[in-house]
Amino acid sequence: MKTIDELLAEGVSGKRVFVRADLNVPLADGQITDDGRIRAVLPTVEALADAGAEVIVASHLGRPKGAPDPAFSLLPAAERLGELLGKPVAFAQDTVGPAAHAAVDGLEPGQVAVIENLRFNPGETSKDDAERAAFADELAALADVYVGDGFGAVHRKHASVYDLPARLPHYAGYLIATEVGVLKKLTDEVQRPYAVVLGGAKVSDKLGVIDNLLEKADRILIGGGMVFTFLKAKGYEVGASMLQEDQIPVVQEYLKRAEEKGVEFVLPVDVVVSGGFPDLKAKEPTHPDTVPADAIPAGQMGLDIGPATAELYAAKLADARTIFWNGPMGVFEHPDYAGGTRAVAQALLDSPAFTVVGGGDSAAAVRLLGFDENAYGHISTGGGASLEYLEGKTLPGLAALED
(Lines give C-alpha, C1' and ligand atoms only; values in the text may rest on other atoms or scores of the structure.)
Protein backbone atom coordinates (compact mmCIF):
# COMPACT_ATOMS: atom_id res chain seq x y z
CA MET A 1 0.00 0.00 0.00
CA LYS A 2 1.58 3.26 -1.12
CA THR A 3 1.17 6.17 1.28
CA ILE A 4 0.48 9.84 0.85
CA ASP A 5 4.08 10.60 1.82
CA GLU A 6 5.21 8.73 -1.30
CA LEU A 7 2.74 10.75 -3.37
CA LEU A 8 3.98 14.02 -1.89
CA ALA A 9 7.58 13.00 -2.63
CA GLU A 10 6.60 12.41 -6.27
CA GLY A 11 5.02 15.88 -6.40
CA VAL A 12 1.36 16.90 -6.64
CA SER A 13 1.52 20.56 -7.60
CA GLY A 14 -1.21 21.26 -10.14
CA LYS A 15 -2.57 17.70 -9.97
CA ARG A 16 -6.23 17.01 -9.22
CA VAL A 17 -6.29 14.68 -6.22
CA PHE A 18 -9.51 12.87 -5.33
CA VAL A 19 -9.67 12.28 -1.57
CA ARG A 20 -12.27 9.71 -0.52
CA ALA A 21 -12.95 10.94 3.01
CA ASP A 22 -15.51 9.94 5.61
CA LEU A 23 -17.54 13.05 6.38
CA ASN A 24 -20.48 10.99 7.62
CA VAL A 25 -21.08 13.19 10.64
CA PRO A 26 -24.18 13.19 12.87
CA LEU A 27 -26.60 16.05 12.18
CA ALA A 28 -29.42 17.50 14.28
CA ASP A 29 -31.64 20.09 12.58
CA GLY A 30 -28.94 20.60 9.95
CA GLN A 31 -26.23 21.23 12.55
CA ILE A 32 -23.20 18.96 13.05
CA THR A 33 -23.20 17.50 16.55
CA ASP A 34 -19.77 15.80 16.33
CA ASP A 35 -17.13 16.89 13.79
CA GLY A 36 -14.57 14.22 14.73
CA ARG A 37 -14.58 12.58 11.32
CA ILE A 38 -14.00 15.90 9.56
CA ARG A 39 -11.07 16.70 11.83
CA ALA A 40 -9.65 13.23 11.20
CA VAL A 41 -9.15 13.88 7.47
CA LEU A 42 -7.64 17.35 7.96
CA PRO A 43 -3.96 16.22 7.97
CA THR A 44 -4.37 14.59 4.56
CA VAL A 45 -6.28 17.49 2.99
CA GLU A 46 -3.90 20.10 4.42
CA ALA A 47 -0.78 18.24 3.30
CA LEU A 48 -2.08 17.93 -0.26
CA ALA A 49 -3.27 21.54 -0.44
CA ASP A 50 -0.01 22.84 1.03
CA ALA A 51 1.87 20.89 -1.65
CA GLY A 52 -0.11 22.59 -4.39
CA ALA A 53 -2.65 19.91 -5.24
CA GLU A 54 -6.16 20.74 -6.41
CA VAL A 55 -8.05 18.71 -3.80
CA ILE A 56 -11.45 17.13 -4.47
CA VAL A 57 -13.00 15.77 -1.27
CA ALA A 58 -15.81 13.22 -1.60
CA SER A 59 -17.85 11.28 0.94
CA HIS A 60 -21.20 9.75 1.76
CA LEU A 61 -23.51 10.92 4.54
CA GLY A 62 -26.30 8.79 5.93
CA ARG A 63 -28.35 6.39 3.81
CA PRO A 64 -30.17 8.29 1.07
CA LYS A 65 -31.94 6.08 -1.44
CA GLY A 66 -29.66 6.68 -4.44
CA ALA A 67 -31.19 10.08 -5.19
CA PRO A 68 -30.66 13.66 -3.96
CA ASP A 69 -32.17 14.32 -0.53
CA PRO A 70 -31.58 17.70 1.18
CA ALA A 71 -31.58 16.00 4.61
CA PHE A 72 -28.35 14.23 3.66
CA SER A 73 -26.52 17.05 1.90
CA LEU A 74 -22.79 17.35 2.57
CA LEU A 75 -23.02 21.16 2.60
CA PRO A 76 -22.76 21.45 6.42
CA ALA A 77 -19.69 19.18 6.37
CA ALA A 78 -18.13 21.21 3.55
CA GLU A 79 -18.69 24.43 5.48
CA ARG A 80 -17.15 22.92 8.63
CA LEU A 81 -14.16 21.65 6.64
CA GLY A 82 -13.61 25.19 5.37
CA GLU A 83 -13.75 26.56 8.93
CA LEU A 84 -11.19 24.01 10.11
CA LEU A 85 -8.91 24.65 7.13
CA GLY A 86 -9.24 28.39 7.60
CA LYS A 87 -10.03 29.01 3.95
CA PRO A 88 -12.99 28.79 1.55
CA VAL A 89 -14.00 25.38 0.28
CA ALA A 90 -15.99 25.17 -2.95
CA PHE A 91 -19.10 23.01 -2.86
CA ALA A 92 -20.62 21.21 -5.86
CA GLN A 93 -24.32 20.43 -5.68
CA ASP A 94 -23.92 17.19 -7.62
CA THR A 95 -21.44 14.31 -7.74
CA VAL A 96 -20.34 13.94 -11.37
CA GLY A 97 -22.56 16.44 -13.18
CA PRO A 98 -22.00 20.01 -14.41
CA ALA A 99 -21.65 21.47 -10.88
CA ALA A 100 -18.93 18.96 -9.93
CA HIS A 101 -16.98 19.58 -13.14
CA ALA A 102 -17.32 23.35 -12.75
CA ALA A 103 -16.10 23.22 -9.14
CA VAL A 104 -13.11 21.06 -10.08
CA ASP A 105 -12.27 23.12 -13.18
CA GLY A 106 -12.33 26.26 -11.03
CA LEU A 107 -9.72 24.98 -8.57
CA GLU A 108 -6.30 26.59 -8.39
CA PRO A 109 -3.29 24.82 -6.83
CA GLY A 110 -3.80 24.61 -3.06
CA GLN A 111 -7.58 24.97 -3.22
CA VAL A 112 -10.21 22.48 -2.04
CA ALA A 113 -13.67 21.49 -3.29
CA VAL A 114 -16.24 19.12 -1.83
CA ILE A 115 -18.66 17.32 -4.13
CA GLU A 116 -22.17 16.34 -3.02
CA ASN A 117 -23.06 13.12 -1.21
CA LEU A 118 -21.82 10.17 -3.29
CA ARG A 119 -24.83 8.09 -2.28
CA PHE A 120 -27.10 10.50 -4.18
CA ASN A 121 -25.96 8.44 -7.18
CA PRO A 122 -27.29 4.85 -7.22
CA GLY A 123 -24.02 3.65 -8.77
CA GLU A 124 -22.13 4.30 -5.52
CA THR A 125 -23.72 1.49 -3.53
CA SER A 126 -25.00 -0.72 -6.36
CA LYS A 127 -24.55 -4.48 -6.08
CA ASP A 128 -24.28 -4.54 -9.89
CA ASP A 129 -20.60 -4.44 -10.85
CA ALA A 130 -21.30 -2.70 -14.17
CA GLU A 131 -23.38 0.07 -12.58
CA ARG A 132 -20.72 0.69 -9.94
CA ALA A 133 -17.98 0.66 -12.59
CA ALA A 134 -19.84 3.23 -14.70
CA PHE A 135 -20.08 5.60 -11.73
CA ALA A 136 -16.41 5.01 -10.89
CA ASP A 137 -15.51 5.94 -14.49
CA GLU A 138 -17.37 9.24 -14.11
CA LEU A 139 -15.62 9.96 -10.80
CA ALA A 140 -12.23 9.10 -12.30
CA ALA A 141 -12.79 11.75 -14.98
CA LEU A 142 -12.63 14.40 -12.24
CA ALA A 143 -9.11 13.60 -11.03
CA ASP A 144 -5.54 12.52 -11.76
CA VAL A 145 -4.79 10.72 -8.48
CA TYR A 146 -6.80 8.88 -5.80
CA VAL A 147 -6.15 9.06 -2.05
CA GLY A 148 -8.19 6.75 0.16
CA ASP A 149 -8.73 8.23 3.61
CA GLY A 150 -12.32 7.31 4.50
CA PHE A 151 -11.59 4.54 6.97
CA GLY A 152 -15.20 4.40 8.12
CA ALA A 153 -16.21 3.17 4.65
CA VAL A 154 -13.41 0.71 3.77
CA HIS A 155 -15.56 -2.30 4.66
CA ARG A 156 -18.01 -1.32 1.88
CA LYS A 157 -17.65 -2.54 -1.70
CA HIS A 158 -18.77 0.83 -3.07
CA ALA A 159 -17.73 2.60 -6.26
CA SER A 160 -15.67 5.38 -4.66
CA VAL A 161 -14.06 2.98 -2.18
CA TYR A 162 -13.44 -0.17 -4.22
CA ASP A 163 -13.77 0.52 -7.96
CA LEU A 164 -12.31 4.01 -8.29
CA PRO A 165 -8.78 3.22 -6.97
CA ALA A 166 -8.30 0.75 -9.83
CA ARG A 167 -8.79 3.58 -12.31
CA LEU A 168 -6.23 6.04 -10.92
CA PRO A 169 -2.81 5.96 -9.25
CA HIS A 170 -3.82 5.28 -5.64
CA TYR A 171 -2.40 5.98 -2.19
CA ALA A 172 -3.46 5.64 1.44
CA GLY A 173 -4.03 8.86 3.35
CA TYR A 174 -2.71 9.56 6.83
CA LEU A 175 -5.89 8.45 8.58
CA ILE A 176 -6.06 5.04 6.91
CA ALA A 177 -2.34 4.45 7.49
CA THR A 178 -2.82 5.28 11.18
CA GLU A 179 -5.96 3.14 11.56
CA VAL A 180 -4.35 0.10 9.93
CA GLY A 181 -1.25 0.49 12.11
CA VAL A 182 -3.43 0.59 15.23
CA LEU A 183 -5.46 -2.46 14.20
CA LYS A 184 -2.27 -4.44 13.69
CA LYS A 185 -1.48 -3.73 17.34
CA LEU A 186 -4.82 -5.34 18.20
CA THR A 187 -4.26 -8.42 16.04
CA ASP A 188 -0.63 -9.16 15.20
CA GLU A 189 1.43 -7.24 17.78
CA VAL A 190 -0.68 -7.52 20.95
CA GLN A 191 0.77 -6.69 24.37
CA ARG A 192 -0.90 -8.75 27.09
CA PRO A 193 -3.10 -8.86 29.07
CA TYR A 194 -5.45 -7.93 26.21
CA ALA A 195 -8.87 -6.75 27.40
CA VAL A 196 -11.84 -6.03 25.15
CA VAL A 197 -14.94 -4.07 26.18
CA LEU A 198 -17.97 -4.58 23.95
CA GLY A 199 -21.26 -2.73 24.27
CA GLY A 200 -23.96 -1.35 22.02
CA ALA A 201 -27.50 -2.42 21.36
CA LYS A 202 -27.46 -5.73 19.47
CA VAL A 203 -25.39 -8.80 20.21
CA SER A 204 -25.90 -9.88 16.58
CA ASP A 205 -23.74 -6.93 15.47
CA LYS A 206 -20.81 -8.24 17.51
CA LEU A 207 -20.97 -12.02 17.01
CA GLY A 208 -18.24 -12.14 14.38
CA VAL A 209 -15.81 -10.08 16.40
CA ILE A 210 -16.51 -12.08 19.58
CA ASP A 211 -15.88 -15.28 17.64
CA ASN A 212 -12.49 -14.04 16.47
CA LEU A 213 -11.53 -12.41 19.77
CA LEU A 214 -12.03 -15.70 21.60
CA GLU A 215 -8.79 -16.69 19.84
CA LYS A 216 -6.95 -13.49 20.76
CA ALA A 217 -8.26 -11.71 23.87
CA ASP A 218 -7.53 -12.58 27.50
CA ARG A 219 -10.63 -10.88 28.89
CA ILE A 220 -13.94 -9.75 27.35
CA LEU A 221 -16.25 -7.36 29.23
CA ILE A 222 -19.84 -7.00 28.03
CA GLY A 223 -22.24 -4.07 28.48
CA GLY A 224 -24.93 -2.15 26.61
CA GLY A 225 -28.23 -3.51 25.34
CA MET A 226 -26.49 -6.64 24.07
CA VAL A 227 -25.66 -7.75 27.61
CA PHE A 228 -29.22 -8.88 28.33
CA THR A 229 -28.97 -11.65 25.77
CA PHE A 230 -25.89 -12.86 27.68
CA LEU A 231 -27.71 -12.63 31.02
CA LYS A 232 -30.69 -14.53 29.59
CA ALA A 233 -28.27 -17.14 28.23
CA LYS A 234 -27.12 -17.70 31.82
CA GLY A 235 -30.71 -18.29 32.89
CA TYR A 236 -31.48 -14.84 34.36
CA GLU A 237 -34.75 -13.00 33.79
CA VAL A 238 -34.22 -9.65 32.05
CA GLY A 239 -37.63 -7.96 32.42
CA ALA A 240 -38.44 -5.62 29.54
CA SER A 241 -34.80 -5.19 28.55
CA MET A 242 -33.59 -5.47 24.97
CA LEU A 243 -33.27 -9.15 24.09
CA GLN A 244 -32.40 -11.13 20.98
CA GLU A 245 -33.93 -14.52 21.81
CA ASP A 246 -32.66 -16.10 18.60
CA GLN A 247 -29.05 -15.38 19.57
CA ILE A 248 -29.17 -17.14 22.96
CA PRO A 249 -27.83 -20.50 21.68
CA VAL A 250 -24.90 -18.75 19.96
CA VAL A 251 -24.11 -16.76 23.11
CA GLN A 252 -24.23 -19.91 25.22
CA GLU A 253 -21.78 -21.55 22.83
CA TYR A 254 -19.42 -18.55 23.10
CA LEU A 255 -19.56 -18.63 26.90
CA LYS A 256 -18.70 -22.33 26.82
CA ARG A 257 -15.82 -21.78 24.36
CA ALA A 258 -14.45 -18.92 26.46
CA GLU A 259 -14.36 -21.18 29.53
CA GLU A 260 -12.59 -23.94 27.57
CA LYS A 261 -10.00 -21.50 26.21
CA GLY A 262 -9.39 -19.71 29.50
CA VAL A 263 -10.77 -16.41 28.18
CA GLU A 264 -12.40 -14.49 31.02
CA PHE A 265 -15.94 -13.38 30.11
CA VAL A 266 -17.07 -10.62 32.48
CA LEU A 267 -20.77 -9.76 32.76
CA PRO A 268 -22.52 -7.17 34.95
CA VAL A 269 -23.26 -7.88 38.59
CA ASP A 270 -25.79 -5.04 38.77
CA VAL A 271 -27.89 -3.06 36.30
CA VAL A 272 -29.57 0.37 36.24
CA VAL A 273 -33.24 -0.09 35.30
CA SER A 274 -36.30 2.02 34.59
CA GLY A 275 -39.90 1.49 33.60
CA GLY A 276 -39.31 2.76 30.07
CA PHE A 277 -36.85 4.26 27.62
CA PRO A 278 -35.90 7.86 28.49
CA ASP A 279 -36.65 10.91 26.34
CA LEU A 280 -33.25 11.71 24.84
CA LYS A 281 -34.36 15.09 23.53
CA ALA A 282 -35.78 16.61 26.71
CA LYS A 283 -33.41 14.63 28.98
CA GLU A 284 -35.75 15.17 31.91
CA PRO A 285 -34.77 13.33 35.11
CA THR A 286 -36.16 9.80 35.33
CA HIS A 287 -36.47 7.48 38.32
CA PRO A 288 -33.86 4.76 37.80
CA ASP A 289 -33.20 1.92 40.22
CA THR A 290 -30.14 -0.26 40.59
CA VAL A 291 -30.83 -3.99 40.90
CA PRO A 292 -28.70 -7.17 40.88
CA ALA A 293 -28.11 -8.48 37.36
CA ASP A 294 -29.87 -11.73 38.26
CA ALA A 295 -32.93 -9.98 39.72
CA ILE A 296 -34.26 -7.55 37.08
CA PRO A 297 -37.97 -7.05 37.90
CA ALA A 298 -40.66 -7.85 35.34
CA GLY A 299 -41.57 -4.74 33.34
CA GLN A 300 -38.28 -3.01 34.11
CA MET A 301 -35.82 -2.18 31.33
CA GLY A 302 -32.05 -2.33 31.82
CA LEU A 303 -30.47 0.88 30.53
CA ASP A 304 -26.92 0.86 31.95
CA ILE A 305 -24.47 -1.23 33.89
CA GLY A 306 -24.64 -0.51 37.62
CA PRO A 307 -22.05 1.14 39.89
CA ALA A 308 -20.72 -2.16 41.27
CA THR A 309 -20.20 -3.38 37.71
CA ALA A 310 -18.47 -0.12 36.81
CA GLU A 311 -16.02 -0.73 39.67
CA LEU A 312 -15.57 -4.35 38.63
CA TYR A 313 -14.86 -3.39 35.01
CA ALA A 314 -12.37 -0.70 36.06
CA ALA A 315 -10.54 -3.32 38.13
CA LYS A 316 -10.52 -5.76 35.19
CA LEU A 317 -8.94 -3.07 32.98
CA ALA A 318 -6.41 -1.77 35.48
CA ASP A 319 -3.65 -4.31 34.70
CA ALA A 320 -4.28 -4.61 30.94
CA ARG A 321 -1.56 -3.68 28.46
CA THR A 322 -3.92 -3.48 25.46
CA ILE A 323 -7.58 -2.40 25.59
CA PHE A 324 -10.08 -2.22 22.73
CA TRP A 325 -13.46 -0.65 23.50
CA ASN A 326 -16.39 -0.66 21.09
CA GLY A 327 -19.91 0.25 22.14
CA PRO A 328 -21.34 2.23 25.09
CA MET A 329 -22.35 0.54 28.33
CA GLY A 330 -25.78 2.13 28.42
CA VAL A 331 -27.95 4.94 27.10
CA PHE A 332 -25.13 7.44 27.60
CA GLU A 333 -27.04 10.25 25.85
CA HIS A 334 -29.19 10.60 29.00
CA PRO A 335 -27.38 11.66 32.19
CA ASP A 336 -29.22 9.08 34.31
CA TYR A 337 -27.74 6.24 32.24
CA ALA A 338 -24.29 7.58 31.36
CA GLY A 339 -22.50 6.34 34.49
CA GLY A 340 -21.31 3.01 33.07
CA THR A 341 -19.97 4.49 29.84
CA ARG A 342 -18.27 7.29 31.79
CA ALA A 343 -16.66 4.74 34.12
CA VAL A 344 -15.24 2.71 31.21
CA ALA A 345 -13.96 5.85 29.48
CA GLN A 346 -12.23 6.87 32.73
CA ALA A 347 -10.84 3.36 33.28
CA LEU A 348 -9.15 3.50 29.88
CA LEU A 349 -7.56 6.80 30.84
CA ASP A 350 -6.38 5.41 34.18
CA SER A 351 -4.88 2.29 32.61
CA PRO A 352 -1.24 2.14 31.43
CA ALA A 353 -2.47 0.12 28.44
CA PHE A 354 -2.43 1.02 24.76
CA THR A 355 -6.08 2.08 24.48
CA VAL A 356 -8.25 2.07 21.36
CA VAL A 357 -11.76 3.49 21.28
CA GLY A 358 -13.42 1.73 18.37
CA GLY A 359 -15.39 4.41 16.61
CA GLY A 360 -19.11 5.03 16.31
CA ASP A 361 -21.06 5.64 19.51
CA SER A 362 -18.02 4.99 21.72
CA ALA A 363 -16.12 7.87 20.12
CA ALA A 364 -19.20 10.09 20.32
CA ALA A 365 -19.60 9.20 24.00
CA VAL A 366 -16.00 10.16 24.81
CA ARG A 367 -16.60 13.58 23.32
CA LEU A 368 -20.12 14.08 24.69
CA LEU A 369 -19.00 13.17 28.22
CA GLY A 370 -16.17 15.69 28.06
CA PHE A 371 -13.09 13.45 27.97
CA ASP A 372 -9.86 14.55 26.30
CA GLU A 373 -9.65 12.61 23.03
CA ASN A 374 -5.89 13.03 22.90
CA ALA A 375 -5.48 11.17 26.19
CA TYR A 376 -6.40 7.87 24.50
CA GLY A 377 -4.02 5.81 22.42
CA HIS A 378 -6.33 6.05 19.43
CA ILE A 379 -9.96 6.92 18.70
CA SER A 380 -11.07 5.15 15.54
CA THR A 381 -13.29 6.84 12.96
CA GLY A 382 -14.80 3.57 11.78
CA GLY A 383 -16.64 1.32 14.20
CA GLY A 384 -17.95 -1.10 11.57
CA ALA A 385 -14.65 -1.17 9.69
CA SER A 386 -12.69 -1.78 12.89
CA LEU A 387 -14.97 -4.65 13.90
CA GLU A 388 -14.77 -6.33 10.49
CA TYR A 389 -10.97 -6.03 10.53
CA LEU A 390 -10.92 -7.64 13.98
CA GLU A 391 -13.20 -10.38 12.64
CA GLY A 392 -10.41 -11.21 10.19
CA LYS A 393 -12.38 -10.12 7.13
CA THR A 394 -10.78 -8.63 4.00
CA LEU A 395 -11.91 -5.01 3.73
CA PRO A 396 -12.59 -4.05 0.09
CA GLY A 397 -11.38 -0.46 0.50
CA LEU A 398 -8.02 -1.57 1.93
CA ALA A 399 -7.57 -4.32 -0.65
CA ALA A 400 -8.19 -1.75 -3.40
CA LEU A 401 -5.30 0.43 -2.13
CA GLU A 402 -2.82 -2.42 -2.24
CA ASP A 403 -0.65 -3.00 -5.29
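The present account deals with the structure reproduced in this document. (Residues numbered from 1 in each chain as written. Predicted model: local features only at pLDDT ≥ 70, side-chain atom pairs only at ≥ 80, totals over all residues. Heavy atoms only, no water.)

**Digging into empty space enclosed by the protein**
Phase 1: Taken as a whole and assessed by the stated rule, the structure comprises one cavity of 30 Å³ or more.
Phase 2: Its volume calculated, the largest cavity comes out at about 60 Å³.
Phase 3: Along its surface, the largest cavity is lined by Arg 20, Tyr 146, Gly 148, Asp 149, Gly 150, Ala 153, Val 154, Val 161, Pro 165, Ile 176, Gly 397 and Leu 401.
Phase 4: Its residues assigned to classes, the lining of the largest cavity comprises seven nonpolar, three polar and two charged. (1 Å grid on protein atoms, 1.4 Å probe; cavity = no way out; pocket = protein on both sides within 12 Å on 5 of 7 lines; lining within 4 Å. Points joined across faces, edges and corners; volume = space filled by probe spheres on them. Nonpolar A, V, L, I, M, F, W, Y, C, P; charged D, E, K, R; others polar.)

**A word on the packing of aromatic side chains**
Phase 1: Counted according to the given criterion, the structure contains two aromatic pairs.
Phase 2: Here the aromatic rings of Phe 18 and Tyr 146 are separated by 6.0 Å at their centres, their planes lie at 15°, and the arrangement is stacked. Here Tyr 146 lies in strand 7 (residues 145-148) and Phe 18 lies in strand 1 (residues 16-20), a separation of 128 residues in the sequence. No difference in accessibility class separates Phe 18 from Tyr 146, as the two residues are buried.
Phase 3: Seen from their ring centres, Phe 230 and Phe 265 are 5.5 Å apart, and the 35° between their planes marks the pair as tilted. A residue pair is termed long-range when its members are at least 10 positions apart, and Phe 230 in helix 9 (residues 227-233) and Phe 265 in strand 11 (residues 264-266) qualify at 35 residues. (Phe/Tyr/Trp six-rings, centres within 6.5 Å; stacked < 30°, edge-to-face > 60°. Helix = DSSP H or I, 4+ residues; strand = E, 2+ residues; numbered from the N terminus. Buried < 20%, exposed > 50% of the residue type's maximum accessible area, 1.4 Å probe, protein only.)

**Details of the sheet that holds strand 11**
Phase 1: The strand order across the open sheet built from six strands is 11-10-9-15-16-17, with neighbouring strands paired in parallel fashion. Among the strands making up the open sheet, the edge pair consists of strand 11 and strand 17 (378-379).
Phase 2: The pairing of strand 10 (residues 219-222) with strand 11 spans three bridges and is classified as parallel. The partner of Ile 220 across the bridge, within strand 11, is Phe 265.
Phase 3: Seen against the sheet, helix 12 (residues 339-350) touches strand 9 (194-198), strand 15 (322-326) and strand 16 (354-357) and runs at an angle of roughly 155° to strand 15. (Pairing = 2+ DSSP bridges. Contact = heavy atoms within 4.5 Å. Axes fitted to C-alpha atoms, helices over the stretch in contact; angles between N-to-C directions.)

**Digging into the packing of helix 7 (residues 174-187) against helix 14 (residues 383-390)**
Phase 1: Following both chains from N to C, one finds helix 7 and helix 14 inclined at 40°, their axes separated by 10 Å at the closest point. Put simply, helix 7 runs oblique to helix 14. Remark: the crossing between helix 7 and helix 14 carries right-handed chirality. Residue-level inspection shows Val 180, Leu 183, Lys 184, Leu 186 and Thr 187 of helix 7 in contact with helix 14, the latter providing Ser 386, Tyr 389 and Leu 390.
Phase 2: Of the residues belonging to the contact of helix 7 with helix 14, the class tally is five nonpolar, two polar and one charged. (Parallel < 35°, antiparallel > 145°, perpendicular 65-115°, else oblique. Left-handed = near helix turned anticlockwise from the far one by under 90°.)

**Let's talk about the sheet that holds strand 1**
Phase 1: The parallel open sheet is built from six strands, whose spatial order is 5-6-4-1-7-8. Each having just a single partner strand, strand 5 (90-92) and strand 8 (170-172) make up the two edges of the open sheet. On average, each strand axis in the sheet is tilted by 25° relative to the strand beside it, whichever way the strands run.
Phase 2: The pairing of strand 1 with strand 7 spans four bridges and is parallel. If you follow Phe 18 over to strand 7, its bridge partner there is Tyr 146.
Phase 3: Lying on the sheet, helix 4 (residues 98-105) is in contact with strand 1, strand 4 (54-58), strand 5 and strand 6 (112-115); it crosses strand 5 at an angle near 160°.

**What about the environment of Ala 130?**
Phase 1: Position of Ala 130 among the secondary structure elements: in helix 5 (residues 129-140).
Phase 2: The spatial distance from the C-alpha of Ala 130 to the C-alpha of Gly 110 is 34 Å, given a sequence separation of 20 residues.

**What about the pattern of salt bridges?**
Phase 1: If you walk through the whole model with that rule in mind, you get 21 salt bridges.
Phase 2: With a shortest N-O distance of 3.4 Å, Arg 20 and Glu 124 are connected by a salt bridge. Taken together, the residues span a long stretch of sequence, with Arg 20 in strand 1 and Glu 124 in the loop between strand 6 and helix 5 at a distance of 104 residues. Each member of the pair Arg 20 and Glu 124 is classed as buried. (Salt bridge = Lys/Arg side-chain N within 4 Å of Asp/Glu carboxyl O.)

**Examining the nonpolar core**
Phase 1: Grouped together as the largest cluster of nonpolar side chains are 73 residues, with contacts concentrated most on Ile 115, Ile 220 and Phe 230.
Phase 2: When residues in this core are grouped by element, the largest group, six residues, is from helix 7.
Phase 3: Setting aside residues no more than four positions away along its own chain, Ile 115 makes contact with Phe 18, Ile 56, Val 57, Ala 58, Leu 74, Phe 91, Ala 92, Asp 94, Thr 95, Ala 100, Leu 139 and Leu 142.
Phase 4: Counting residues in each nonpolar core, the second largest holds 29 residues, with Ile 4, Val 17, Leu 23 and Ala 49 among its members. (Core = buried A, V, L, I, M, F, W, Y, C linked by side-chain atoms within 4.5 Å.)

**Examining the side chain of Thr 309**
Phase 1: You can see Thr 309 is positioned in helix 11 (residues 307-318).
Phase 2: In this structure Thr 309 touches Pro 268, Val 269 and Asp 270, once residues within four positions along its chain are discounted.

**Examining helix 12**
Phase 1: A rise of 1.5 Å per residue sets the reference length of helix 12, with its 12 residues, at 16 Å; its end C-alpha atoms lie 16 Å apart and thus fit the reference within 8%.
Phase 2: Those residues of helix 12 that sit buried are Gly 340, Thr 341, Val 344, Ala 345, Ala 347 and Leu 348. Relative to the axis of helix 12, the buried residues are bounded by an arc of 160° and lie together on one face.
Phase 3: In this structure, the buried residues of helix 12 make contact with strand 9, strand 14 (301-305), helix 11, strand 15, strand 16 and helix 13 (360-368). (Expected span 1.5 Å × (residues − 1). Arc of directions from axis to C-beta.)

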